[in-house]
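Tertiary structure, described
The primary structure of each chain is shown beneath.
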Amino acid sequence: MKVLLSGYYGYGNFGDELMRLSMEDFFKKYKIDYTLALAKSVSRDTISRFNIFELIGSIFDSDALVYGGGGLLQDITSSKSFLYYAATINIALIFKKPVILFGNSLGPIRKSYNRHILRSILRNKRVYLFARDIVSFNYAKRLNPNTVLSCDPAVRFLKAITELPEKKFDLILIPRKVENIEKYIILKEYFQNIIVCPTQESDLSTSSLVSKNLGAHLFDQPNDTEGVLRNILASKFIITERFHPALVGAYFGIPFISLENSKAERFFKKYTKSKKPFAKDLIGIEERILALKQEPLYLKEILDKEADESFKKLYSLLIKLKSFHG
């Protein structure tokens, strides 16, 4: 069995790189041959996802296309990005290759034409969706029986961590939006030793300004996935505008407040009814901090179980597809 593994890989985005590492570990452990699509080719086992000839050739030579996690099929970030992923899927389907969307979320989709494209993809019997949130699962299940509720692939990587670093910071702050820069000043009232840690390159300038305003430490290497993870694990509290730092917090029982909102709320809806870890702004921040410190969300056991079951289903599906096409 040979697969083409693709996603938003090769850009140093913390969450996407965690998912990539998890997927690669899985394929290596079970001796599944794979080619990795990156922003640019770096070895014989990789291709540039923007080189149309390499992309088509790799899809043709593979037994399946696997998208390994993330919110790829949405047009809030970029309609061009949505159309790229949708086009790649359709190329695979033209070649009659199965497409596995593992640990993916769907939407939001703003444009009606893009919604039509998404529905067309999901209705194809060669598409298999492992939805990481209930909203995506409920939507897709009506269109495609090959839909199951799944884990976020990054959990597999987190499960391998057996030793946690010493707590060095009272708070790790992961900013994103420029308009929040001044609002974060209030955090000085509740935390002393703060580190500001962007999780992708585009957030670095905002993070630099936030750290200056707060007189906080700045981790200025967002492409260092393991370094970002170490800083999160070395912190007593997390406030984040990105999704995966919240997932890390929930996995290890580190109290967090997610200001990312939609993606995080959709994901955690499976595990908790509490609204305390999710906020649109910093209003009432003191009450949230106190409540979450006393009772942090701790989901390691349930996330591990879900990840084990999801990756077993993925392996079974790959074996089934190999025997069917083999």
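Refer to the structure printed above.
Attention in this report is confined to the structure presented alongside it.

Cut-off values and rules
- Residues numbered from 1 in each chain as written.
- Predicted model: local features only at pLDDT ≥ 70, side-chain atom pairs only at ≥ 80, totals over all residues.
- Heavy atoms only, no water.
- Salt bridge = Lys/Arg side-chain N within 4 Å of Asp/Glu carboxyl O.
- Helix = DSSP H or I, 4+ residues; strand = E, 2+ residues; numbered from the N terminus.
- Buried < 20%, exposed > 50% of the residue type's maximum accessible area, 1.4 Å probe, protein only.
- Phe/Tyr/Trp six-rings, centres within 6.5 Å; stacked < 30°, edge-to-face > 60°.
- Lys NZ or Arg CZ within 6 Å of the ring centre and 35° of its normal.
- Pairing = 2+ DSSP bridges.
- Right-handed = clockwise from strand over helix to strand, strands pointing away.
- Patch = residues over 30% accessible without salt bridge, like charges linked within 9 Å, V, L, I, M, F, W, Y side chains within 5 Å.
- Areas by Shrake-Rupley, 256 points an atom, 1.4 Å probe, with all protein chains shown as cover.
- Lys, Arg positive; Asp, Glu negative; His and termini not counted.
- Charge placed at Lys NZ, Arg CZ, Asp CG, Glu CD.
- Axes fitted to C-alpha atoms, helices over the stretch in contact; angles between N-to-C directions.
- Parallel < 35°, antiparallel > 145°, perpendicular 65-115°, else oblique.
- Left-handed = near helix turned anticlockwise from the far one by under 90°.
- Contact = heavy atoms within 4.5 Å.
- Nonpolar A, V, L, I, M, F, W, Y, C, P; charged D, E, K, R; others polar.

Take the pattern of salt bridges next. This structure, assessed with the given rule, holds 12 salt bridges. Arg132 is paired through a salt bridge with Asp152; the nearest N and O atoms lie 2.7 Å apart. Remark: Asp152 occurs in the loop between strand 7 (147–149) and helix 6 (154–159) and Arg132 occurs in the loop between strand 6 (127–131) and helix 5 (134–141); sequence separation between them is 20 residues. Take Asp152: its relative accessible area is 0%, and that puts it in the buried class. Among the ionic pairs, Asp308 bridges to Lys159, the shortest N-O distance being 2.8 Å. Linking Asp308 in helix 12 (residues 300–325) with Lys159 in helix 6, this pair joins segments that are 149 residues apart in sequence. Taking relative accessible area as the criterion, Asp308 reaches 34% and is therefore assigned partly exposed. Connected through salt bridges with shared partners, the residues Glu17, Arg20 and Glu24 form a single ionic network.

Another point: the packing of aromatic side chains. Overall, the coordinates contain 22 aromatic pairs when judged by the stated rule. Ring centres 5.0 Å apart and planes at 55° place the aromatic pair Phe102 and Phe130 in the tilted group. Of this pair, Phe102 sits in strand 5 (residues 99–106) while Phe130 sits in strand 6, and the two are 28 residues apart along the sequence. Between Phe256 and Phe278, the aromatic rings sit 6.3 Å apart at their centres with planes inclined by 65°, giving edge-to-face as the arrangement. Of this pair, Phe256 sits in strand 12 (residues 256–258) while Phe278 sits in the loop between helix 10 (262–268) and helix 11 (285–294), placing them 22 residues apart in sequence. There is no split in this pair, since Phe256 and Phe278 are both buried. Three or more aromatic residues link up through ring pairs in this structure, and these residues are Phe26, Phe27, Tyr30, Tyr34, Phe102, Phe130, Phe311 and Tyr315. Above the face of the Phe60 ring, Lys97 is positioned so that its terminal group lies 5.7 Å from the ring centre. Taking the ring centre of Phe311 as reference, the NZ or CZ of Arg156 above it sits at 5.1 Å.

Most of strand 4 (residues 64–73) sits inside the fold, with nine of its 10 residues counted as buried. Note: strand 1 (residues 2–6) against strand 4, four bridges, orientation parallel. The residue bridging Ser6 from the neighbouring strand is Tyr67, located in strand 4. Across six bridges, strand 4 lies against strand 5 in parallel orientation. Its bridge partner lying in strand 5, Val66 is registered against Ile100. Note that the unit made of strand 4, helix 3 (residues 79–94) and strand 5 has a crossover that is right-handed.

On the surface, a cluster of positive charge is made up of Arg176, Lys177, Lys183 and Lys263. Residue placement: Lys183 occurs in the loop between strand 8 (171–174) and strand 9 (194–196).

This paragraph deals with the packing of helix 2 (residues 52–61) against helix 3. Across the interface, helix 2 lies against helix 3 with an axial gap of 9 Å and an inter-helix angle of 40°. In this view, helix 2 runs oblique relative to helix 3, as classed from their interaxial angle. Once helix 2 is placed against helix 3, the crossing between them reads as right-handed. Every residue of helix 3 that contacts helix 2 at Ile52, Leu55, Ile56 and Ile59 is listed here: Tyr84, Thr88, Ile91 and Ala92. The residue makeup of the contact of helix 2 with helix 3, split by class, is seven nonpolar, one polar and no charged.

Right, let's talk about a nonpolar patch on the surface for a bit. Together, Ile52, Phe53, Ile56, Phe60, Ile94 and Phe95 make up a nonpolar patch on the protein surface, roughly 640 Å² of accessible area in all. In terms of residues, the nonpolar patch owes the most to one element, helix 2, which gives four residues. Structurally, Phe95 is set in the loop between helix 3 and strand 5.

Moving on: helix 9 (residues 243–252). In an α-helix, one turn spans 3.6 residues; hence positions three or four apart end up facing the same way. With 10 of 10 residues buried, helix 9 is to be regarded as a mostly interior element. Among the residues of helix 9, those classed as buried are Phe243, His244, Pro245, Ala246, Leu247, Val248, Gly249, Ala250, Tyr251 and Phe252. Looking one or two places after helix 9, you find Gly253, whose phi comes out positive at around 75°.

Taken together, five strands build an open sheet; the order of strands is 10-9-8-11-12 and the sheet is parallel. Two strands bound the open sheet, and with one partner strand each, they are strand 10 (217–218) and strand 12. Here three bridges tie strand 8 to strand 9, and the two strands are oriented parallel to one another. Looking across to strand 9, one finds that Leu171 is bridged to Ile194. Packed on one face of the sheet, helix 11 meets strand 11 (238–240) and strand 12 and runs near 135° to strand 12.

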